[in-house]
Amino acid sequence: PIKKNRPIASGEIQKSKALILAVILLAVTATLSLSFPQKVLIALTSYLTINLLYSLWLKHVVIIDIFLIASLYLIRIFAGGKLWDIYISHWLMLCTFFLALFLISAKRRAEFCQQDENTNSTRKVIKSYNKIFLDHMLTITTTSSLVGYSLYVVNAEQPYFLYSVIFVAFGLFRYLYVVCQYNIGQFPEKVIFTDPWIFSSIALWGTYSLIVLYVI
């Protein structure tokens, strides 16, 4: 109901013009990326391939659609780490993957709860989900995200990072509560900035992390 108003979907921008612009941007990106390390090029190619497979086919396959979107977040982190020669912890990768699964599952749950059974106005794959399964997905991914982050900070050089788990746990549980209580979650950025408790937990986590890094 909302995404149909986007420029291409609404017809404000013609598909032919959008395709031409996409080809130009792709060519520019490919040219600029020639100077990148080989592993970054592989990551970019994988990112493009997954996007195409998702858009043309796999977005209609239940569970696969969620996993593919989550994998794109991992590719971004991997590419950034290789480009700037930064070591990326395995626990951070796992935490990111499960957090992405959590947010996407919340989006699917919101879409499922808001769909009109008498129309086909929602994405096709939503018809293959059900509320009980999505609730289980949220429970599992919440736990996995928290465990992944906990293991990440336990292995950090600064031991005081461990206590940042308190803010992360509260933020995750509050997000889970908001999603289940009010059937929202389609737009994570709105949930984060409109719910004062979630926003406060993020702000406190950021403040505490800066103190641990530069003061303690």
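Structural notes, computed from the coordinates. (Residues numbered from 1 in each chain as written. Predicted model: local features only at pLDDT ≥ 70, side-chain atom pairs only at ≥ 80, totals over all residues. Heavy atoms only, no water.)

**Focus on the overall build of the protein**
At step 1: When helices and strands are tallied, the protein shows nine helices and zero strands.
At step 2: Projected onto its principal axes, the C-alpha coordinates of the protein cover approximately 55 × 50 × 25 Å.
At step 3: Looking at the protein as a whole, 33% of its 216 residues are labelled buried.
At step 4: Within the protein, residue pairs in contact and separated by at least 24 positions form 61% of the contacts whose partners lie at least 6 positions apart.
At step 5: Accessible surface computed for the protein: about 14,000 Å², of which carbon and sulfur atoms make up 69%. (Helix = DSSP H or I, 4+ residues; strand = E, 2+ residues; numbered from the N terminus. Buried < 20%, exposed > 50% of the residue type's maximum accessible area, 1.4 Å probe, protein only. Contact = heavy atoms within 4.5 Å. Areas by Shrake-Rupley, 256 points an atom, 1.4 Å probe, with all protein chains shown as cover.)

**Regarding the environment of Tyr 47**
At step 1: When you line up the elements, Tyr 47 lands in helix α3 (residues 38-56).
At step 2: Taking C-alpha positions, Tyr 47 is 18 Å from His 60, a pair spaced 13 residues apart along the chain.
At step 3: Those residues in contact with Tyr 47 that lie beyond four places of it in its chain are Leu 72, Ile 75 and Arg 76.

**Some remarks on helix α9 (residues 196-214)**
At step 1: For α9, built from 19 residues, the straight-helix expectation of 27 Å at 1.5 Å per residue is met to within 8% by its first-to-last C-alpha distance of 27 Å.
At step 2: Every buried residue belonging to α9 is among Ile 198, Ser 201, Tyr 208, Ser 209 and Val 212, and all of these are buried. Take α9 and look down its axis: the buried residues cluster within an arc of 105°, on one side only. Exposed residues lying more than 90 degrees from the buried face of α9 are Pro 196, Leu 210 and Tyr 214.
At step 3: The inward-facing, buried residues of α9 abut α7 (165-182) and α8 (188-194).
At step 4: At the N-terminal end of α9, a side-chain oxygen is found 3.1 Å from the backbone nitrogen of Trp 197, two or three residues along, and the residue is Asp 195. (Expected span 1.5 Å × (residues − 1). Arc of directions from axis to C-beta. Polar contact = N/O pair within 3.5 Å; in protein donor to acceptor, adjacent residues only side chain to side chain.)

**Some thoughts on a nonpolar patch on the surface**
At step 1: A cluster of nonpolar side chains, namely Val 154, Tyr 160, Leu 162, Tyr 163, Ile 166, Leu 210, Ile 211, Leu 213, Tyr 214, Val 215 and Ile 216, defines an oily patch on the protein surface of about 1,200 Å² accessible area.
At step 2: Here the nonpolar patch gets four residues from one element, more than from any other, and that element is α9.
At step 3: Relative to the helices and strands, Val 215 resides in the segment after α9.
At step 4: For Val 215, a relative accessible area of 64% puts it in the exposed group. (Patch = residues over 30% accessible without salt bridge, like charges linked within 9 Å, V, L, I, M, F, W, Y side chains within 5 Å. Salt bridge = Lys/Arg side-chain N within 4 Å of Asp/Glu carboxyl O.)

**Observations regarding the side chain of Ser 71**
At step 1: When you line up the elements, Ser 71 lands in helix α4 (residues 64-83).
At step 2: If near-sequence neighbours (up to four positions away) are discounted, Ser 71 is found in contact with Ile 50 and Phe 97.

**What to know about α3**
At step 1: Here α3 is 19 residues long and its end C-alpha atoms lie 27 Å apart, about the 27 Å a rise of 1.5 Å per residue gives.
At step 2: The set of residues buried in α3 consists of Val 40, Ala 43, Ile 50 and Tyr 54. End-on, the buried residues of α3 take up no more than an arc of 85°, which puts them together on one face. Among the exposed residues of α3, those oriented more than 90 degrees off its buried face are Gln 38 and Leu 56.
At step 3: Of the surrounding secondary structure, the elements contacted by the buried residues of α3 are α4 and α5 (90-114).

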